[in-house]
Amino acid sequence: MARRILTALVGAAVMGIGAHAASAATLDDVKAKGFVQCGVNTGLAGFAAPDASGNWSGFDVDYCKAIAAAIFADGTKVKYTPTSAKERFPALQSGEVDVLARNTTWTINRDTALGFNFRPVNYYDGQGFMVRKGLNVKSALELSGAAVCVQTGTTTELNLADYFKSNNLQYNPVVFEKLEEVNAAYDAGRCDVYTTDQSGLYSLRLTLSKPDDHMILPEIISKEPLGPAVRQGDDQWFDIVSWVHYALIQAEEFGVTQANVEEMKKSPNPDVQRFLGVEADSKIGTDIGLTNEWAVNIIKAVGNYGEVFDRNIGAGSPLKIERGLNALWSKGGIQYAPPVR
Amino acid sequence: MAIGVTTTPEKSKPSGSIMNDPQVRGIFYQVITVVILVALVYWIADNTIQNLKRANIASGYGFLNGRAGFDVGQSLIAYTSDSTYGRALVVGFFNTLLVAVTGIITATIIGFVVGIGRLSHNWLIAKLSLAYVEVFRNIPPLLVIFFWYSGVLAVLPQPRESAALPLNIFLNNRGIAFPKPVFGDGSQYVFYTFVIAVIASFFLARYARIKQEATGQRFPLLWTVLGLVIGLPLLAFLATGSPITFDVPVAGKFNLTGGSVIGPEFLSLFLALSFYTAAFIAEIVRAGIRGVSKGQSEAAHALGVRPGLTTRLVVVPQAMRIIIPPLTSQYLNLTKNSSLAIAIGYADLVAVGGTILNQTGQAIEVVSIWIIVYLSLSLTTSLLMNWFNARMALVER
C-alpha cells in the first residue's frame, strides 16, 4: 500500500520533473539509451511470461522484440517492465515505458481521456467465461447467483457488470488486482466463474491444477481489440509502432518468413522488393526515422505475423487458439495492412 | 529610564553588523527555508499541471460524478454499477472504517487478555501468552492476512458441502452464512424497548455509583443491566406476537442463497489485523501494568481487596495512563494496515480507489483523496484518544 502510494507519488513527481526534459521524440530517447522499454503483462502464458531464467517470451513480447529489431536491427535490445492491469497506464503516462504491449483493449476513453494512442489491433479478442464442468452450466445466461472472479481495472470488469445487469442476472464479484491472485482464487474454488478475454482463458486454463475439469462457455460478450499503446503527442513513434504490426501482416501476406527473408529480397515482385527495402533509391524506412532494412530486421527477429501467432498462441503452442478473426483478410479474417508504398 | 527597579535590563544595541545578531540570522534562515519549500512545491505542481496538459489528461475532481460501471462485492450502503465514482469511494471508505473499527475493538480485547495473561502466576497461561505475542508480532501483517485467507479460510469446504453449525449457520469457502432477521410489523417496539433499556441502564449505573459512594453498599449492576437489555426487548417481542422472523440460508445452484453472508475477504483481514495488532497491544498492556508500583497492589491486598478486584479497580486504572498513548499508535497502525486489503481483494478504499484510478486515469486526484482520507481518519483517532487520555490522566489535587 505504502509502496503503491509512493510509486504513484514518485510517478507524479517524475511526470513533473520530466516536464521539460522529456522531448517529444521517443525514438531519439530510445536510440540514445540503446533499448526499448516495453510494458508487458506480469505473466500470461502465450502472451508475455518469463521462463525460469528470466527470459521473456510470448505474443506481446515478440512485438517488443519486433520494435527493437526495427530500430536496432537486434531483437534483444528490449527491457521488460511487468505491469499489473492497474499499473500499466501510469507506467506509460509517466514515461516509465516507451510502449505498452500488454493485451490492452483499445477503448475511446483510453484513446482520449487517458492520453494514449492506439491504431493497429494485433489480436481481436472477446470476453468469455470459464466454469467447472461439474456445475453443468451450458450457457452464460445460467450463471445467476454465481461468484465471479475478475481482475480489477480491466474492461472485463465493466463488461461483466453490464452483461449481468442487462440480462437481469445476479452475481457476486470477487475482485483481485493481480492475475496470479485471480487464478489462485478461481483454482481454490473461491468463485464459480472466471471471466476475462477468451484468449486469456485458454492460456489460464493450462495453469490450473486440473485443466480438463474446466470448460469455456460459448458466449462472447464483448469486443476486445488488443493492441500496442503509446503516449499521445509523438507521431513518429506512433507510426513506428503501428507499422511494425503492419509489416508483420504484410510479410505473412507476401509469404515472407524468418527462413526465406534473404531469398525473398531477390523476388521479382516489385511490391515485395519495395517492402524489403531493396528497391533502388528506397526511402521506405528512412521516412519514419529507421533504416530501409527495417522490415527485414523485424522478420529476421520474430518472423511474420502468422509465425508469431503460431509459435506463441496458435497451433504450434500449448494454447492452440484458432486464427479466427485474426486470420489475414484474404483468408477469412480481418487482419489487414495498408499498402507499403 | 528614571525607574530604578527594572527586572529586564535594557537591551544593549548589537555592537557588530546586523548579520551577527542571532535573532536576525534565525529569522533569515527560516525565511529562506520557507521560500525554498514553497518554490519546490510550486515547481512540482506547475510541472505536473503542464505535463497533464501536454499528455491531454483531463484533471480535476469532476470525474467523481461519472458512472462507475463496475460492481463491488461487499458494500454497507446501496451501490450498483450505475452509481457514481464518488459513491464507490464512499463504499470503499465505509469498508475501511468497518474493518478498522471492528479490528480495533477485537484487538483491544485480545490484547488486554493476553497482556494480563503474560503476568499471570499460572505457568501455562503465561507461556501461552508469551508464545502468542512472539509469534504474531514477528510476522509481517501481510503474511498474517495470507495465512488466514489461504491457509485457513480457503481450505474450508466448497459451498455444496458447507459445514453446518448450530443456529442455521453455515461455513464454507465463500464465508459464513447466517440467518438474516426479517423485521415484520410491530418489530419497531422491540427496538424502542431496547433503546429504553439502554438509557435506563445508564441511569441505573449512575445511581449505583452514587449509592456506593454514599453508603458503601454495592448494587448488582451487571445482572440488572443484562436483565434489562435482554429481558425488556424479549417481553416486547413476545407481546407483539413474534414479529421478527429469520431468513435462513439454503443451498442454491452455486452457493447458499438467502440469509446474510460475511465474505472470507473481510473475515481474513479482520482476523489478521486483530490478531496481529493484539500482540503489540498485549506488550503495551503488560508494560503499563508493570509500570504501576508494586506497593499499590500490596496496599490493596492489605486492605483485603480480592485479586481480581485489585487488578480491575487499582492496577488497571493507573496502568491506563501509561497504556493509552502507545495504544493510540497501534490503533493508527491497524487503520493504516487495513489498506493491505488489496492483496486479498477486500473492497476497501485503496482497492476501490485503485479501480477508479485505472478506469479514469486520474492518478493524482485519486492518490490525493487516499492521502486526505487516511490522514483525516488517523487525526480523528488521535483526537479521540487524546480526549480519552486527558480523562484518564492522573487528577492531581
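Residues numbered from 1 in each chain as written. Chains lettered and ligands numbered in written order. Predicted model: local features only at pLDDT ≥ 70, side-chain atom pairs only at ≥ 80, totals over all residues. Heavy atoms only, no water.

1. Here's the deal with the pairing of strand S10 (residues 171-176) of chain A
Of all six residues in S10 of chain A, five are buried; the element is thus mostly enclosed. Considered for its hand, the β-α-β crossover made up of strand S9 (residues 146-151) of chain A, helix H6 (residues 155-166) of chain A and S10 of chain A is right-handed. (Buried < 20%, exposed > 50% of the residue type's maximum accessible area, 1.4 Å probe, protein only. Helix = DSSP H or I, 4+ residues; strand = E, 2+ residues; numbered from the N terminus. Right-handed = clockwise from strand over helix to strand, strands pointing away.)

2. Let's talk about unusual backbone geometry
All names here are of chain A. Residues other than glycine seldom take positive phi values, yet Asn 136 does so here, at roughly 55°. Residue Lys 320 is not a glycine yet carries a positive backbone phi of 50°. Note that Lys 320 resides in the segment after helix H13 (305-312). According to the relative accessible area criterion, Lys 320 is exposed, its value standing at 52%.

3. Describing the environment of Arg 174 of chain B
Along the chain, Arg 174 of chain B turns up in the loop between strand S2 (169-172) and strand S3 (175-178). In sequence terms Arg 174 of chain B and Ala 100 of chain B are 74 residues apart; their C-alpha atoms lie 22 Å from each other. Separated by 3.1 Å, the side chain of Arg 174 of chain B and the backbone oxygen of Gly 189 of chain A make a polar contact. (Polar contact = N/O pair within 3.5 Å; in protein donor to acceptor, adjacent residues only side chain to side chain.)

4. Some points on the packing of helix H2 (residues 85-118) of chain B against helix H7 (residues 264-290) of chain B
All names here are of chain B. Where H2 contacts H7, the axes come no closer than 6 Å and their chain directions differ by 40°. One element, H2, and the other, H7, form an angle in the oblique class. Between H2 and H7 the crossing geometry is right-handed. Residues belonging to the contact of H2 with H7 are distributed by class as follows: 17 nonpolar, eight polar and three charged. (Axes fitted to C-alpha atoms, helices over the stretch in contact; angles between N-to-C directions. Parallel < 35°, antiparallel > 145°, perpendicular 65-115°, else oblique. Left-handed = near helix turned anticlockwise from the far one by under 90°. Nonpolar A, V, L, I, M, F, W, Y, C, P; charged D, E, K, R; others polar.)

5. Section: helix H10 (residues 349-360) of chain B
Helix length check: H10 of chain B (12 residues) gives 16 Å between terminal C-alpha atoms against 16 Å at 1.5 Å per residue, within 8%. Along H10 of chain B, the positions that sit buried rather than exposed are Leu 349, Val 350, Ala 351, Val 352, Gly 353, Gly 354, Thr 355, Ile 356, Leu 357, Asn 358, Gln 359 and Thr 360 of chain B. The elements touched by buried residues of H10 of chain B are helix H4 (88-93), helix H5 (108-111) and H6 of chain A together with H2 and helix H11 (363-392) of chain B. Within two residues after H10 of chain B, Gly 361 of chain B carries a phi angle of roughly 75°, on the positive side. (Expected span 1.5 Å × (residues − 1). Contact = heavy atoms within 4.5 Å.)

6. Description of the interface of chain B and chain A
Between chain B and chain A, the contact holds 46 residues from the first and 53 residues from the second. Across the chain B to chain A interface the summed buried area is about 3,900 Å²; carbon plus sulfur atoms make up 53%. At the junction of chain B and chain A, the tally comes to four salt bridges. Between Arg 174 of chain B and Asp 192 of chain A there is a salt bridge, with the nearest N and O atoms lying 2.8 Å from each other. Taken together, chain B and chain A are joined by 10 residue pairs in polar contact (both at pLDDT 80 or more). Elements with a minimum of two residues in the side of chain B that touches chain A: helix H1 (22-54), H7, H10 and H11 of chain B. (Buried area = accessible area lost by both parts, 1.4 Å probe. Salt bridge = Lys/Arg side-chain N within 4 Å of Asp/Glu carboxyl O.)

7. Description of a nonpolar patch on the surface
Residue and element names in this part refer to chain B. A cluster of nonpolar residues, Tyr 189, Phe 191, Tyr 192, Phe 194, Val 195, Ile 196, Val 198, Ile 199, Phe 202, Phe 203, Leu 232 and Leu 235, forms a patch on the protein surface that exposes about 1,200 Å² of accessible area. Only helix H5 (187-215) and helix H6 (221-239) provide two or more residues apiece to the nonpolar patch. Counting through the fold element by element, Val 195 comes out in helix H5. (Patch = residues over 30% accessible without salt bridge, like charges linked within 9 Å, V, L, I, M, F, W, Y side chains within 5 Å. Areas by Shrake-Rupley, 256 points an atom, 1.4 Å probe, with all protein chains shown as cover.)

8. Structural notes on the pattern of salt bridges
Within the structure shown, the criterion is met by 20 salt bridges over all chains. The partner of Glu 177 of chain A in a salt bridge is Lys 86 of chain A, with the nearest N and O atoms 4.0 Å apart. With Glu 177 of chain A in the loop between S10 and helix H7 (179-187) and Lys 86 of chain A in the loop between strand S4 (78-83) and H4, the pair connects residues that are 91 residues apart, well separated along the chain. Overall, the relative accessible area of 4% leaves Glu 177 of chain A in the buried class. Of the charged contacts in the structure, one is a salt bridge between Arg 137 of chain B and Glu 134 of chain B, with a shortest N-O distance of 3.2 Å. Pair noted here: Arg 137 of chain B and Glu 134 of chain B are both in helix H3 (residues 123-137), with a separation of three residues, about one helical turn. Arg 137 of chain B gets classed as partly exposed once you look at its relative accessible area, which sits at 30%. It is possible to trace a salt-bridge network through shared partners that takes in Arg 118, Glu 134, Arg 137, Glu 283 and Arg 286 of chain B.

9. Points about the sheet that holds S2 of chain B
Residue and element names in this part refer to chain B. Here we have four strands laid out as an open sheet, ordered S1-S2-S3-S8, and antiparallel in their pairing. With one partner strand each, in any of the chains shown, strand S1 (163-165) and strand S8 (260-262) form the two edges of the open sheet. For this sheet, the mean angle separating the axes of adjacent strands, direction not counted, is 25°. As judged from the three bridges shared by S2 and S3, these two strands associate in the antiparallel manner. Bridging from a neighbouring strand, Asn 172 pairs with Gly 175 of S3. (Pairing = 2+ DSSP bridges.)

10. Some thoughts on the confidence of the model for chain B
Overall, the predicted model of chain B reaches an average pLDDT of 85, with 94% of residues at or above 70. Between the elements of chain B, mean pLDDT differs from a low of 73, seen in strand S7 (residues 256-257) of chain B, to a high of 94, seen in H3 of chain B. (pLDDT = per-residue confidence, 0-100.)

11. Description of the pairing of strand S8 (residues 127-132) of chain A
Residues and elements named next belong to chain A. Of all the six residues making up S8, five are buried; the element is thus mostly covered by neighbouring parts of the structure. In this sheet, strand S11 (residues 193-197) lies alongside S8 in antiparallel orientation, the contact comprising five bridges. Pairing of Gln 127 across the sheet is with Asp 197, part of S11. Pairing between S8 and strand S12 (residues 214-216): three bridges, direction antiparallel. When the bridges of S12 are listed, Val 131 appears paired with Met 215.

12. Observations regarding the packing of H7 of chain B against helix H9 (residues 307-337) of chain B
Residues and elements named next belong to chain B. The contact between H7 and H9 brings their axes to 8 Å, and the two run at 155°. With respect to H9, the axis of H7 lies roughly antiparallel. The way H7 lies across H9 gives a crossing that is right-handed. Contact residues: Leu 273, Tyr 276, Thr 277, Phe 280, Ile 281, Ile 284, Val 285, Gly 288 and Ile 289 in H7; Val 315, Ala 319, Ile 322, Ile 323, Pro 326, Leu 327, Gln 330, Tyr 331, Leu 334 and Asn 337 in H9. Across the contact of H7 with H9, the residue classes tally to 15 nonpolar, four polar and no charged.

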